Amino acid sequence: MKAPHEEHLEQGILVSRGEQDAGAEQAVGEIAATTERTRTAQLALLDGAGR
């Protein structure tokens, strides 16, 4: 079972990808891409820390 913060990060990644794929304005897509990278890195850190 995943911890709530892990689920939050994963949902944020999915939302960011959806915003990028939705054809939003360029600035929104750039923010979404940055958010996706940040949350993916945070999730990787949690995985490396043994959660």
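Coordinates for the structure precede this section.
Each chain carries its own residue numbering, running from 1 in the direction its sequence is written. In keeping with the model being predicted, local features are shown solely for residues with a pLDDT of at least 70 and side-chain atom pairs are shown and tallied solely at 80 or more, while totals for entire chains, interfaces and linings include all residues. Computation of side-chain values covers all heavy atoms of the structure but excludes hydrogens and water.

A closer look at the pattern of salt bridges
Then, number 1: Here, a salt bridge means any side-chain nitrogen of Lys or Arg that lies within 4 Å of a carboxyl oxygen of Asp or Glu. Scanning the model with the defined rule gives one salt bridge in all.
Then, number 2: Measuring nitrogen to oxygen at the nearest pair gives 2.6 Å for the salt bridge that ties Arg17 to Glu36. Here Glu36 lies in helix α2 (residues 26–48) and Arg17 lies in helix α1 (residues 4–21), a separation of 19 residues in the sequence.
Then, number 3: Throughout, exposure labels follow a simple rule: accessible area from a 1.4 Å probe, protein chains only, divided by the maximum for the residue type, with under 20% read as buried, over 50% as exposed, and the rest as partly exposed. Here Arg17 falls in the partly exposed class, since its relative accessible area comes to 39%. Secondary structure elements are defined from DSSP: runs of H or I of at least 4 residues count as helices, runs of E of at least 2 residues count as strands, and each element is numbered from the N terminus.

Some details on the packing of α1 against α2
Then, number 1: Axis lines are fitted through C-alpha atoms, for helices just across the contact stretch, and the angle between N-to-C directions can take any value from 0 to 180 degrees. Running from N to C, α1 and α2 cross one another at 155 degrees; their axes reach a closest spacing of 8 Å. By the angle between their axes, α1 is roughly antiparallel relative to α2. Here α1 and α2 pass one another in a crossing that is left-handed. On α2, the residues that touch His5, Glu6, His8, Leu9, Glu10, Gly12, Ile13, Ser16, Arg17, Glu19 and Gln20 of α1 are Gly29, Ala32, Ala33, Thr35, Glu36, Arg39, Thr40, Gln42, Leu43, Leu46 and Asp47.
Then, number 2: Each residue gets one label: Ala, Val, Leu, Ile, Met, Phe, Trp, Tyr, Cys and Pro are nonpolar, Asp, Glu, Lys and Arg are charged, and the others, such as Gly, are polar. Looking at the contact of α1 with α2, its residues break down into six nonpolar, nine polar and seven charged. Every angle not falling under 35 degrees, over 145, or within 65 to 115 is termed oblique; those three ranges are roughly parallel, roughly antiparallel and roughly perpendicular. Take the far helix as the reference: if the near one is turned anticlockwise from it by less than a right angle, the crossing is left-handed, and if turned clockwise, right-handed. Working rule for contacts: check all heavy atoms of both residues, and any pair within 4.5 Å makes them a contact.

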